[in-house]
Amino acid sequence: MRFYDTRAREVRDFTPLHEGCVSLYLCGATVQAPPHIGHVRSGVNFDILRRWLLYKGYRVTLCRNVTDIDDKIINVAQAEGVPWWEVSERNQRAFDWSYDILGCLPPTVEPRATGHVPQMIELMRRLIDTGHAYAADDGSGDVYFDVRSFPEYGALSNQRLDQMRGAADTDTDTDRDKRDPRDFALWKGARPGEPSWATPWGRGRPGWHLECSAMATEYLGATFDIHGGGLDLVFPHHENEIAQSQAAGDGFARYWLHNGLLTMGGEKMSKSLGNSLLIPEMVRKVRPVELRYYLGQAHYRSVIDYSDEALREAAAAYQRIEGFLARATEVVGHIEPARRVPAEFEEVLDDDLGVSQALAIVHGHVREGNTALSEGRKERVAELGAELRTMLGVLGLDPLSEQWAGAEETGLREVVDALVTVALEQRQAARKRKDYAAADEIRDRLNAAGISVEDTPHGPRWELRRG
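Residues numbered from 1 in each chain as written. Predicted model: local features only at pLDDT ≥ 70, side-chain atom pairs only at ≥ 80, totals over all residues. Heavy atoms only, no water.

### Describing the nonpolar core
If you look at the biggest cluster of nonpolar residues, it comprises 79 residues, and the most contacted ones within it are I37, W52, L291, L295, Y306 and F345. Beyond its immediate stretch of four places on either side in the chain, L295 contacts I37, V40, R41, V44, N45, L102, L262 and I304. Counting 39 residues, the second largest nonpolar core, distinct from the first, contains C27, W187, C212 and L220. (Core = buried A, V, L, I, M, F, W, Y, C linked by side-chain atoms within 4.5 Å. Buried < 20%, exposed > 50% of the residue type's maximum accessible area, 1.4 Å probe, protein only. Contact = heavy atoms within 4.5 Å.)

### Some thoughts on the UniProt feature "short sequence motif: 'HIGH' region" (unreviewed entry) in the protein chain
In this numbering, the UniProt entry assigns the feature "short sequence motif: 'HIGH' region" (unreviewed entry) to residues 29-39. Secondary structure content for residues 29-39 is 27% helix and 0% strand, and the end C-alpha separation is 8 Å. (UniProt positions renumbered as here; feature names shortened; annotations may be inferred. Helix = DSSP H or I, 4+ residues; strand = E, 2+ residues; numbered from the N terminus.)

### A closer look at the side chain of H363
Residue placement: H363 occurs in helix α11 (residues 355-374). A relative accessible area of 13% means that H363 is categorised as buried. Look past the residues within four positions of H363 in its chain and what remains in contact with it is Y293, A317 and I321.

### Points about the pairing of strand β4 (residues 59-64)
Where burial is concerned, most of β4 is hidden: 5 out of the 6 residues are buried. Alignment of strand β3 (residues 21-26) against β4, held across 6 bridges, turns out to be parallel. Residue pairing for β4: S23 is matched across the bridge by T61. As for the winding sense of the linkage, the β-α-β connection from β3 through helix α1 (residues 37-55) to β4 is right-handed. (Pairing = 2+ DSSP bridges. Right-handed = clockwise from strand over helix to strand, strands pointing away.)

### Observations regarding helix α12 (residues 378-395)
When the terminal C-alpha atoms of α12 are compared, their 26 Å separation across 18 residues agrees well with the 26 Å that a helix rising 1.5 Å per residue should span. The complete set of buried residues in α12 reads V381, L384, G385, A386, E387, L388, R389, T390, M391, L392, V394 and L395. Where the residues of α12 are buried, they touch α1, α8 (288-296), α9 (308-332), α10 (343-350) and α11. Looking one or two places after α12, you find G396, whose phi comes out positive at around 70°. (Expected span 1.5 Å × (residues − 1).)

### Some words on the packing of α1 against α8
Here α1 crosses α8 at 85°, and the two axes come no closer than 9 Å. When the axes of α1 and α8 are compared, the pair comes out roughly perpendicular. Contacts from I37, V40, R41, V44, N45, D47, I48 and R51 in α1 reach L291, R292, L295 and G296 in α8. Its residues placed into classes, the contact of α1 with α8 shows 6 nonpolar, 2 polar and 4 charged. (Axes fitted to C-alpha atoms, helices over the stretch in contact; angles between N-to-C directions. Parallel < 35°, antiparallel > 145°, perpendicular 65-115°, else oblique. Nonpolar A, V, L, I, M, F, W, Y, C, P; charged D, E, K, R; others polar.)

### Concerning the packing of helix α4 (residues 117-129) against helix α5 (residues 208-220)
Contact geometry for α4 and α5: axes closest at 9 Å, N-to-C directions at 105°. In this view, α4 runs roughly perpendicular relative to α5, as classed from their interaxial angle. For the pair α4 and α5, the contacting residues are Q119, M120, L123 and M124 in the first and L210, E211, S213, A214 and E218 in the second. Classifying every residue of the contact of α4 with α5 gives 5 nonpolar, 2 polar and 2 charged.

### Let's talk about unusual backbone geometry
The linkage connecting F235 with the following residue, P236, adopts the cis geometry, with an omega of 5°. For P236, the position within the fold is in helix α6 (residues 234-247). Even without glycine at this site, N158 takes up a positive phi of about 60°. With respect to the helices and strands, the residue N158 is situated in the loop between β6 (143-145) and β7 (184-189). In this structure N158 comes out as exposed when scored by relative accessible area, which is 55%.

### Here we look at the sheet that holds strand β5 (residues 133-135)
Overall, antiparallel pairing links the 4 strands, which are arranged β5-β6-β7-β8 in an open sheet. Where the open sheet ends on each side, the last strands, each with one partner, are β5 and β8 (204-206). On average, each strand axis in the sheet is inclined to that of its neighbour by 20°, with strand direction left out of account. Bridge analysis of β6 against β7 gives 3 bridges, and the strand direction is antiparallel. Bridge assignment links F145 to a residue of β7, and that residue is F184. α4 contacts β5, β6, β7 and β8 of the sheet and is inclined by roughly 125° relative to β7.

Written out as structure tokens, the structure is:
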């Protein structure tokens, strides 16, 4: 396998630290608001990576953190007049629901920042003792990282220190005791009415960057395989994680993978721009599996510019896959996934997770499968269907899997099936007596109700029209 390593700025062969095991840290949510599709694209992209690693036989440990204390969370809580933890809790549940409904496997561990203050204190102590960090002399409780003490600062984002602006992680009035405006906050001294925890340097709360370094190494070790996240996190967040972790003596992440942004009209999707598309709203437009297809279909490093038309096209593409497998199972019966994916599918996913090329292979199977169906070649239909299920399983898109088989709609489906069957029997009876006007009227009324009917050599079949 080969992945594009942001720090190396090249595609590198992937060799895990420990044979047969992969450790993966993914920057999760800062839970000041419920998630929009820009937030969860990262979750879908790295879920595909995880599934591929599992398919390749690795034991994967995925640590996805939750930033449950942050300036933005505090600001929302103050504006609403509620405790900060109430804001964090409700939005964390919204993120969990969104990941689940889009078919993302649960992380191995999902640590919260507020549960790891002792680890953060220990990391700060190591940095202060080695001269890489300092406590403010004004008694504020602030602790800063000295960026000039780490010569490689800027290597991840390919920036020079002398061209960087000051860190924007503290208010101007609290920067007075910084030795350099580019130094970033490890710990923010307590302020009236805000949550705080005790440290040897005064009460306060953690800085964003410190949280991730402490949690990643707590669960994955001082050195681990892959650190993932959105491209917007490269600087300053991931740059600062590297600096504080390696300055403390940890090897930290060996590979850095970043997914591209999801934009709208060329702008980064964000609540402040008023263009966010929340997950509950999106899954009313299309089914969750179709939204997953849309978010995962492009190469993970590419930019996706959202449009309703593109979403509809993705839904239609998925329905073509789904339609073939439905017809195939009617003809050949239950289809078990194949033991292996096709060689060309494995090749493109091994090459920096080429999902777009992998989906091209999927759709090639669908086209060939439809031809085999029309020609009555059942053995080939079964073979293609089995390979399709395995490929789609890797992508988290198998329509016959437990996740997407519509178990929650089974009861309703049975009722609808019984009613439609009655209508189709009446239509068949009308056709037998050559009352084609009545037969056409039944079909038209079903179509108006959102039920499409297809006449096949094995009799009529129906399905709910999507989109």
